[in-house]
Amino acid sequence: MNNDATNKAGENSSEKPLSRKAFLGVAGGAAAMLGLGGIFKFIGKGDQMLRPPGALSEEHFRSLCIACGKCEDICPQKVIFPVHFEEDPGSVGTPRLDFGDNYCNLCMECTQICPTGALAPISQSEVRIGIAKVLETRCVVWLDRSCNRCVGQCPFRAIALDRQNRPYVKPELCVGCGICEKICALTAKKGFTKGIVVFPENSPELEQI
Amino acid sequence: MTITQPLQPQSNNAEKPTLEKRKKPIVPIWALRVLTAAIIVGVVASQAVYKSGFGTACVFGEGFLGFTCPLGYLGMALASKSWLPKLLPGVAVAIVLIILVGRAFCGWICPGSIYTTLRNKIKFQPLRGIRARLGLNEGNVVNHAGSNNHRNNGSLGAASSEEKYISLAVLVGTLVSSYIFGFPVFCLICPIGLTFGTIFAVVRLINSSTPGIELLIFPAMLVIEFFVLRKWCSTICPLGAMYSLFSRFNRTFRLRVLQTKCLITRGVNCKACEQVCPEGINIGKLADEKTGLPECTKCLECYERCPAKAIKLRVL
């Protein structure tokens, strides 16, 4: 009984300084969280990702996206995929577009369902997912064959032909819907690699133009 | 785990306490808890299969009919340096729920309760040798100074009174980190998110056969959190620490001790409630206090195991 009484007294007077172990735990816990944030920030390369329509600037998007996966679920075209851990550990689970099998039809459902506002509810005309680029080393037309299937498919007439009838993208018209990339991927399955790819707006690939 | 240690009445005790014979419950409460949490996990998993746009349990519903993880909200608000008014009603709902039912979320809904409960049942202790070297095993736990309390608080993962500060430090650390680095940091290692992330990765593997390395990494992180760091819930989890801050005001659905029945008031050094409590609370000793027991996760283990049936759940 006496023991219990002293124990209770000890519990109530919590003004005592922390023991060494507890202090290490407190410092270690806080430091671990700071370190975790720093490491994932440092190794992050999220700005190379093609985000869904309405996505804020990568920095702002990352601060609001909690990787809930709602946009991925709602997408009728099934072009939204979560980022894999090996692609970018810091933004694992956040949405990224892949136009290998389908394209974005600008239905804007994902911008409506996003609970945190990481995808802003913008109108169709404001969408700018990325910009398509004809890869001159891969496009079969640039390699002296005929194709040009992407030109007729572009709903924004953003793909034009140069004097040698080779396709090129007018960046000011392209919204990055990926329909050209999808068509090209279909063709490319017959033994070629994709000749036109949508890149994020600030991608270094685009600056080479 | 020695739950029903033979009760040792003090040598010069006048009367021997008579104990009512307890029937073994048909469904033990730990099984009910695991079942409840598993149903929630199952509902979210089925939503993922049918692509309903439910998402995870972090944010669902809208306005005052919704729920927003308060820690996720704070992480996002600090990271984006804005108030996010769209999410505030959901946070208010969460806080009202915590004040109404305390940390029942931790005991009954969080998938972490599945892992800790099953872990305590199967007594699975990986990396025992390494853990012993780091002083993480039971028996090495430093209780508050001057205590000769020999409770076996390592096996259930209960924190000593000092170690509770660690989860607060982790909470402050994750919020500061979110503010500095600009993304909700804890969400990356949140066991709830990792559980749903694993399920989503499996669903994706089955649906579209796109495996990612997270299929291995997420479960591995869960094993580290719940089987290597055995005190995750009581000592480290910043979500639990945050819930404790609000459940301080919890006055409904509280466990109370009938002092007329409690063996401690009859002079027995009984620690049955403390030994089964995942948070290490000795509710018997606190019987006469008007405390809200902020750490109590309403797991009802003490209610079920009290040899004197002295613990009751009082709605008001």
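Look up a bit, the structure's there.
The present account deals with the structure reproduced in this document. Within each chain, residues carry numbers counting from 1 in the order of the written sequence. Whichever chain is written first becomes A and whichever ligand is written first becomes 1, with later ones labelled in order. Confidence filtering applies because this is a predicted model: local features only for residues at pLDDT of at least 70, side-chain atom pairs given and counted only at 80 or more, and all residues used for totals across whole chains, interfaces and linings. Each side-chain value is derived from all of the structure's non-hydrogen atoms; neither hydrogens nor water enter the calculation.

### Some points on the overall build of chain B
For the purposes of this entry, the term helix denotes a DSSP run of H or I that reaches at least four residues, the term strand denotes a run of E that reaches at least two, and both are numbered from the N terminus. Counting its secondary structure elements, chain B contains 13 helices and four strands. The buried share among the 316 residues of chain B stands at 55%. Contacts in chain B between residues far apart in sequence, at least 24 positions, make up 75% of those at least 6 positions apart. In this description, accessible areas are obtained by the Shrake-Rupley approach with a 1.4 Å probe, and a residue is regarded as covered only by the protein chains that are shown. Carbon and sulfur atoms form 68% of the exposed surface of chain B, whose accessible area is close to 14800 Å². Using a 1.4 Å probe on the protein chains alone, a residue whose accessible area is under 20% of its type maximum counts as buried, one over 50% counts as exposed, and one in between counts as partly exposed. Two residues qualify as a contact provided that any one of their heavy atoms is within 4.5 Å of a heavy atom in the partner residue.

### Description of the pattern of salt bridges
Side chains that carry opposite charge are capable of pairing whenever their charged atoms lie near each other. Definition used for salt bridges: Asp or Glu carboxyl oxygen within 4 Å of a side-chain nitrogen of Lys or Arg. Tallied over the full model, the rule gives 14 salt bridges over all chains. Close ionic contact of glutamate 201 of chain A with arginine 128 of chain A constitutes a salt bridge, the shortest N to O distance being 2.9 Å. In this pair, glutamate 201 of chain A sits in the loop between β6 (196-199) and α8 (204-207) while arginine 128 of chain A sits in the loop between α5 (109-113) and β3 (131-134), placing the two residues 73 residues apart along the sequence. A relative accessible area of 45% means that glutamate 201 of chain A is categorised as partly exposed. Residue glutamate 304 of chain B pairs with arginine 305 of chain B through a salt bridge whose shortest N-O separation is 3.8 Å. Note on glutamate 304 of chain B: relative accessible area 11%, which makes it buried. The network of salt bridges with common partners includes Arg33, Glu301, Glu304 and Arg305 of chain B.

### Some words on the interface of chain B and chain A
On the side of chain A, 48 residues touch chain B, which itself brings 62 residues to the contact. Values labelled buried area give the accessible surface lost by two parts on being combined, using a 1.4 Å probe and summing over both. Between chain B and chain A the total buried area reaches about 4600 Å² when both faces are included, carbon and sulfur atoms providing 62% of it. The largest share of the area that chain B buries against chain A comes from Lys51, Phe181 and Lys285 of chain B, three residues that together contribute 12% of it. Across the pair glutamate 72 of chain A and arginine 204 of chain B runs a salt bridge whose closest N-O atoms are separated by 3.7 Å. Under this definition, polar contacts are N or O atom pairs within 3.5 Å; protein pairs additionally need one hydrogen-donor-capable and one acceptor-capable atom, and for neighbouring residues in sequence, both atoms have to be side-chain atoms. Where chain B touches chain A, the interface holds eight residue pairs in polar contact (both at pLDDT 80 or more). Listed by contribution, the elements that provide at least two residues to the side of chain B that touches chain A are α1 (29-50), β1 (59-60), α2 (70-80), α7 (164-181), α8 (191-208) and α9 (214-228) of chain B. The biggest single contributor to the side of chain B that touches chain A is α7 of chain B, with ten residues. Looking at the side of chain B that touches chain A residue by residue, the class counts come to 31 nonpolar, 22 polar and nine charged. Residues were grouped as follows: Ala, Val, Leu, Ile, Met, Phe, Trp, Tyr, Cys and Pro as nonpolar; Asp, Glu, Lys and Arg as charged; and all remaining residues, including Gly, as polar.

### With respect to α1 of chain B
Between its terminal C-alpha atoms α1 of chain B stretches 31 Å, which fits the 32 Å expected from 22 residues at 1.5 Å a residue. What α1 of chain B keeps buried is the set Ile29, Arg33, Val34, Ala37, Val41, Val44, Ala45 and Ala48 of chain B. Down the axis of α1 of chain B, the smallest arc covering the buried residues is 165°, so these residues share one side. Summarising the geometry of α1 of chain B, the exposed residues directed more than 90 degrees from the buried face are Ile39 and Tyr50 of chain B. Contacts made by the buried residues of α1 of chain B are with α4 (70-74) of chain A together with α4 (104-108), α5 (111-122), α8 and α13 (301-305) of chain B. Lysine 51 of chain B lies just past α1 of chain B and shows a positive phi near 55°. Working rule for helices: expected span equals 1.5 Å times residues minus one. This arc is built from the directions going out from the helix axis to the C-beta atoms.

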